[in-house]
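Observations on chain architecture
Spelled out from the first residue to the last, the chains are:
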Amino acid sequence: MDDKTQVLDAMRKAGEPLNAGKIAELTGLDRKAVDKAMAALKKEGAIVSPIRCKWTPA
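These lines cover the structure that appears in this document, whether it is placed above or below. Everything quoted here is computed from the prediction, not taken from an experiment.

Digging into helix 3 (residues 31–44)
Helix length check: helix 3 (14 residues) gives 20 Å between terminal C-alpha atoms against 20 Å at 1.5 Å per residue, within 8%. Of all the positions in helix 3, only V34, A37, M38 and L41 are classed as buried. Taken end-on, helix 3 shows its buried residues confined to a sector of 100°, consistent with a single buried face. Exposed residues on helix 3 whose side chains face more than 90 degrees from its buried face are K32, K36 and K43. Looking at the packing, one finds that the buried side of helix 3 touches helix 1 (3–14), helix 2 (20–27), strand 1 (47–51) and strand 2 (54–57). Of the residues flanking the end of helix 3, it is G45, one or two places downstream, whose phi is positive at about 80°.

If you want it as structure tokens, here you go:
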């Protein structure tokens, strides 16, 4: 499973908006890997930010 998929899965399972630090904690991924995956997901429109600095699947 690639980093983007892991990040999206963690967001879906949490059921609430998450910040990158919490996603890194839940997935066990390195924070830089989470940031990179989230940047790609933002570009694709797969995640949105309902609250400042927190993200959820679109």
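Once you've had a look at it, read on.
Observations regarding the pattern of salt bridges
Within this structure, the stated rule accounts for 4 salt bridges. Of the charged contacts in the structure, one is a salt bridge between R12 and D9, with a shortest N-O distance of 3.8 Å. Highlighted residues: R12 and D9, both in helix 1, separated by 3 residues, approximately one helical turn.

Concerning the packing of helix 2 against helix 3
Closest axis-to-axis distance for the helix 2/helix 3 pair is 9 Å, and the angle between their directions is 115°. Judged by the sense of rotation from one axis to the other, the crossing of helix 2 with helix 3 is right-handed. Of the residues in helix 3, those in contact with A20, G21, I23, A24 and T27 of helix 2 are R31, V34, D35 and M38. Counted by class, the contact of helix 2 with helix 3 contains 5 nonpolar, 2 polar and 2 charged residues.

Some words on helix 2
Since the α-helix packs 3.6 residues into each turn, any two residues three or four apart lie on the same face. Taken together, the buried positions of helix 2 are A20, I23, A24 and T27. For helix 2, the angular spread of buried residues about the axis comes to 100°, placing them on one side. Against helix 1 and helix 3 lie the buried residues of helix 2.

The rules behind each value
Residues numbered from 1 in each chain as written. Predicted model: local features only at pLDDT ≥ 70, side-chain atom pairs only at ≥ 80, totals over all residues. Heavy atoms only, no water. Helix = DSSP H or I, 4+ residues; strand = E, 2+ residues; numbered from the N terminus. Expected span 1.5 Å × (residues − 1). Buried < 20%, exposed > 50% of the residue type's maximum accessible area, 1.4 Å probe, protein only. Arc of directions from axis to C-beta. Contact = heavy atoms within 4.5 Å. Salt bridge = Lys/Arg side-chain N within 4 Å of Asp/Glu carboxyl O. Axes fitted to C-alpha atoms, helices over the stretch in contact; angles between N-to-C directions. Left-handed = near helix turned anticlockwise from the far one by under 90°. Nonpolar A, V, L, I, M, F, W, Y, C, P; charged D, E, K, R; others polar.

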